[in-house]
Amino acid sequence: MMKKIGMLFLLAPALAAAEVDTSDWACEYCPFDDGYRAQIRAGATSVSDDAARFGNFTGYDEEGAYGNVDGQGRYNGDGYRIDYVLEDLGLDSRAIGISLSSDGLFGVDFGYRELPYRRFDTTRTVFTQSSSGTLTLPSGWVSAGTTGNMTQLASSLQKTVIGTDRQVIDFGGYWNPRGPVRVFADFRRQSRDGIDIKSGGTYTQAALLPRWIDFETDQVDAGLQYATDSLSLTLAWYASFFTNRNPALTWETPYLATPGMATLRMANEPDNEFQQVSLSGKYRLATWDTVLAFMAASGSGEQDEPLLPYTINSGITAAALPRATLDGKVDTLNYAFTVTSRPLDKLRVKFGYRYDERDNRTPVSEWNRVIVDAFSSGGIEQNVPYSYDRMHSTTSIEYALRKNLRVSAGYEYREINRDNQEVAEQTVNTGWGQVRVQPWAWLDVRAKGGASARGVDRYDESVAVSLGQNPLMQKYNLAYRYREFGEIVATVSPLEKPVSFSVSVLFADDDYKDSLVGLNGAEEFRATADVSWAINDNATVYLAYGRDSIDAHQTGAEQFGWWDWSAFHEDRFDHAGFGMRWRPTEGKLGLRLDYNRGEGETRIAYDSLSGGPSELPDLESTLDSLRVEASYAVSERMDLTFDLRYERFEVTDWALVSETTLPTILTLGADPWDYDVYAAGIGIRYSFGDDEIALAE
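Residues numbered from 1 in each chain as written. Predicted model: local features only at pLDDT ≥ 70, side-chain atom pairs only at ≥ 80, totals over all residues. Heavy atoms only, no water.

*Asks:* In this structure, what is going on with the overall build of the protein chain? I would like to understand it.
*Replies:* Each helix and strand counted, the protein chain has 3 helices and 38 strands in total. Along the longest, intermediate and shortest principal axes, the C-alpha atoms of the protein chain span 90 × 60 × 55 Å. The buried share of the protein chain, reckoned over its 697 residues, is 33%. Accessible area of the protein chain: about 39,200 Å², with a carbon and sulfur share of 56%. The protein chain carries 65 positive and 101 negative side-chain charges, and their two centres are separated by 4 Å. (Helix = DSSP H or I, 4+ residues; strand = E, 2+ residues; numbered from the N terminus. Buried < 20%, exposed > 50% of the residue type's maximum accessible area, 1.4 Å probe, protein only. Areas by Shrake-Rupley, 256 points an atom, 1.4 Å probe, with all protein chains shown as cover. Lys, Arg positive; Asp, Glu negative; His and termini not counted. Charge placed at Lys NZ, Arg CZ, Asp CG, Glu CD.)

Encoded structure:
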């Protein structure tokens, strides 16, 4: 494999300044805002078709016309400055930002924005939310053992859009009393509501459920800063408080059910909070131009919400819970420091160290097992509080052999210690080397390569067996892994030529040689190229292309023993794009065009000792995206604008099936994305206030 990496590698003097008296200097060309200026754009956009994904983060998810207002403005005078930004006020992605400051003495900021996320608009369900967190079936619903025998299914389906809306409020400020001390505080509230997908069921039957969500997260970041020319310190407090107004999901099963199992319930994300105090800083030494930076933080997270009972099946007799709440608590500890120094003019060295600890102090209790609300197993199990500590150190050096030739090398060491998991201790050793050469002023080439070995002290099969896993299987993030990687990047920028070109190639090979069952190996090859050309002072064009290829092999076992099937994964991703910018110096017309095309394909081939070779249907996706923006200057203050967006997205995904495709799984019937959408908009942009920036006297 190193041969492949080898192929990849083939592909101002210092000035001494005397002290200068600047007290009599005058700034003749320094621009300062004075007065009021603003720019407002109002327009309308027409969208050709409904397409949920096209409306992600924009709000253009339905066919029709949309009005919109954008703008920005500033007032500066009498020692105060006010800035504001308005974005997409007529859309579901609207945003407002306002800031007030006074000559650096204090500042106040306020922001509000909404972020729409649309996943599917072709989904349908038979469930209705009758109360918070409860799903009910239609009146007169006739249950059946399979989806094909649900006689009321087709007539009871109702369209349900899977998506959420996020509202974010920001408020913050700072106070700087013209000295080395600065006080700051910021508050953010995020509210998220809508519908997502959650699965629930029994041993042999399941349903994809439309879950109504109502989340709220409050975050506070406040602190005190001290800064001089050589030293800076920040003492900060961070807190996060999460609230879920639907802590449980209850639903009526659409399948035939035994007495007591007609209604099922599961827990959702519980309310929780996290608080952390941190101290960070940086100190600059004149010796060897050295910079020391450090960070230390201590935090604590808590979750103490009431626990649900073992089951709501009245036909099962279960013991009482060992405690009413989880009483969960996790303490965190983080500290890090870096040292960067230049002991010689040609030599630069850097060392970094980081330590992270997570101590789960949740009490351990003995719990009964109730299997999918069907029966009590009679077994007793203990909850497992996971804890870990991680250490990461980096060392690197760079030496300039010549003015146009630099070599560097580095070493990284990681160590992870875990509790109650298959691997108690894991280490990663990584070494790399790099050469950067500029043989001519117009050519810059950088080549890097290295290897990484992740070792484990022992993979404890007994822990895997206790979790119901094959003892021969090793999880890919815990197993031994040897990686080789290489990268080359070249940039060509001819002097006095308006053209620049760059190309990069990356290769990585992962080998999991100790994994008898699980991921065995993976290879990735990535190549990109782009060129830009400034045709003249008024026009530029660019062209870009990239390809990413990932191959992986895994083995599995139908029984608890040696592997009896294997699978080969081939992922291919291609991207191509081009664009242009054109604005004549004295002309009134401006034009911008961008086009991008992306293609993806995944092939999965199986080879089973019992069934022989077979292949899953290919997963394919194609995205074409075009955007054209034009403006015409009617006057010095007013422009007419035109905006055209086109997007075509087509997906082939065998995992998305109708409600009756699988006899024992009631899906939401989402169709693979397949749409062509145009969004054409016109508008007027008008400028208010002063035309020019005032110059300092």
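Structure's up, so let's keep going.
*Asks:* Looking at this model, I keep getting lost on the sheet that holds strand 15 (residues 248-252). Mind explaining?
*Replies:* Two pairing modes exist for strands in a sheet, parallel and antiparallel, and in both the strands are linked by backbone hydrogen bonds. Judged by pairing direction, the sheet is mixed, and its 4 strands sit side by side in the order 8-9-15-16 without closing on themselves. The two strands at the open ends of the sheet, each matched to only one other strand, are strand 8 (128-131) and strand 16 (263-267). Going across the sheet, the axis of each strand differs from the next one's by a mean of 25 degrees, ignoring polarity. Note that strand 15 and strand 16 share 5 bridges and pair antiparallel. Looking at strand 16, one finds that Ala248 is bridged to Ala267. (Pairing = 2+ DSSP bridges. Axes fitted to C-alpha atoms, helices over the stretch in contact; angles between N-to-C directions.)

*Asks:* How should the packing of aromatic side chains be read in this particular structure?
*Replies:* Aromatic ring pairs are reported here in terms of the distance separating the ring centres and the angle at which the planes meet. Counting across every chain of the model gives 17 aromatic pairs. Ring geometry for Tyr203 versus Phe375: centroids 6.4 Å apart, planes at 25 degrees, classification stacked. In this pair, Tyr203 sits in the loop between strand 12 (181-201) and strand 13 (206-227) while Phe375 sits in strand 22 (residues 375-382), placing the two residues 172 residues apart along the sequence. Residue class for Tyr203 comes out exposed when judged on its relative accessible area of 59%. An aromatic cluster is defined as three or more aromatic residues linked by ring pairs; in this entry it consists of Tyr335, Phe337, Phe351, Tyr353 and Tyr355. When the ring centre of Phe649 is taken as origin, the NZ or CZ atom of Arg53, which lies over that ring, is 4.1 Å away. (Phe/Tyr/Trp six-rings, centres within 6.5 Å; stacked < 30°, edge-to-face > 60°. Lys NZ or Arg CZ within 6 Å of the ring centre and 35° of its normal.)

*Asks:* So what exactly am I meant to see when it comes to the side chain of Gln205 here?
*Replies:* Here Gln205 shows up in the loop between strand 12 and strand 13. There is a polar contact of 2.9 Å between the side chain of Gln205 and the backbone oxygen of Gly145. Among residues more than four places away in sequence, those in contact with Gln205 are Gly145, Tyr255, Leu256 and Thr664. (Polar contact = N/O pair within 3.5 Å; in protein donor to acceptor, adjacent residues only side chain to side chain. Contact = heavy atoms within 4.5 Å.)

*Asks:* How should the nonpolar core be read in this particular structure?
*Replies:* Soluble, globular proteins show a tendency: their nonpolar side chains are buried together. Formed by 17 residues in total, the largest nonpolar core has its most connected members in Val126, Phe127, Leu153, Leu209 and Trp251. Taken together, the elements giving at least two residues each to this core come down to strand 13, strand 15 and strand 16. When residues no more than four places from it in sequence are discounted, the contact partners of Leu153 are Val126, Trp141, Thr147, Glu659, Thr660 and Leu666. Judged by nonpolar contacts, the second largest core, of 11 residues, contains Ala51, Tyr60, Leu91 and Ala679. (Core = buried A, V, L, I, M, F, W, Y, C linked by side-chain atoms within 4.5 Å.)

*Asks:* Help me out: how do you make sense of the pattern of salt bridges in this one?
*Replies:* Where charged atoms from two side chains of opposite charge come close, those side chains can pair. All chains considered together, the criterion is met by 43 salt bridges. Residue Glu422 is joined to Lys475 by a salt bridge in which the shortest nitrogen-to-oxygen separation is 3.3 Å. Linking Glu422 in the loop between strand 24 (405-418) and strand 25 (425-440) with Lys475 in the loop between helix 3 (461-466) and strand 27 (481-492), this pair joins segments that are 53 residues apart in sequence. The class of Glu422 is buried, set by a relative accessible area of 2%. With a shortest N-O distance of 2.6 Å, Arg436 and Asp444 are connected by a salt bridge. (Salt bridge = Lys/Arg side-chain N within 4 Å of Asp/Glu carboxyl O.)

*Asks:* For this particular structure, what's the right way to read the pairing of strand 23 (residues 388-402)?
*Replies:* Looking along a regular strand, one sees the side chains alternate between the two faces of the sheet. Sheet analysis places strand 20 (residues 347-360) next to strand 23, joined by 12 bridges and oriented antiparallel. Across the sheet, Arg354 pairs through a bridge with His392, a residue of strand 23. Pairing of strand 23 with strand 24 involves 14 bridges; the strand directions are antiparallel. Note on strand 24: the bridge partner recorded for Tyr399 is Val407. Connecting strand 23 to the antiparallel partner strand 24 that follows it, the hairpin turn spans 2 residues.

*Asks:* What should I look at first to understand a negative patch on the surface in this one?
*Replies:* A surface patch of negative charge is lined by Asp49, Asp50, Glu62, Glu63, Asp674 and Asp676. Its location among the elements puts Asp676 in strand 37 (residues 674-689). Classification of Asp676 by relative accessible area gives partly exposed; the value is 35%. (Patch = residues over 30% accessible without salt bridge, like charges linked within 9 Å, V, L, I, M, F, W, Y side chains within 5 Å.)

*Asks:* When you look at unusual backbone geometry in this model, what are you seeing that I'm missing?
*Replies:* For residues other than glycine, phi is negative in most cases, and the peptide bonds are mostly trans. The backbone phi angle of Asp88 is positive, close to 50 degrees, even though this residue is not glycine. Along the chain, the position of Asp88 falls in the loop between strand 4 (80-87) and strand 5 (95-102). Residue class for Asp88 comes out partly exposed when judged on its relative accessible area of 22%. One non-glycine residue with positive phi stands out, namely Asp289, at about 50 degrees.

*Asks:* Can you help me understand the confidence of the model for the protein chain in this one?
*Replies:* Any region with low pLDDT has predicted coordinates that should not be read closely. For the protein chain, per-residue confidence averages 91 on the pLDDT scale, and residues scoring 70 or more make up 94% of the total. Predicted confidence for residues 692-697 stays below pLDDT 50, and this span has 15 contacts to residues more than four positions away or in other chains. (pLDDT = per-residue confidence, 0-100.)

*Asks:* What is the right way to look at the pairing of strand 12 in this model?
*Replies:* With 13 bridges connecting them, strand 11 (residues 162-175) and strand 12 associate as antiparallel partners. Along strand 12, the bridge assignment pairs Gly163 with Ile195. Here strand 11 hands over to strand 12 after 5 residues, with Arg178 in that stretch at a positive phi of 50 degrees. Two elements, strand 12 and strand 13, share 21 bridges in a ladder whose sense is antiparallel. Within the sheet, the bridge partner assigned to Arg189 lies in strand 13 and is Asp218. Here strand 12 folds back onto strand 13 in antiparallel fashion, the turn holding 4 residues.

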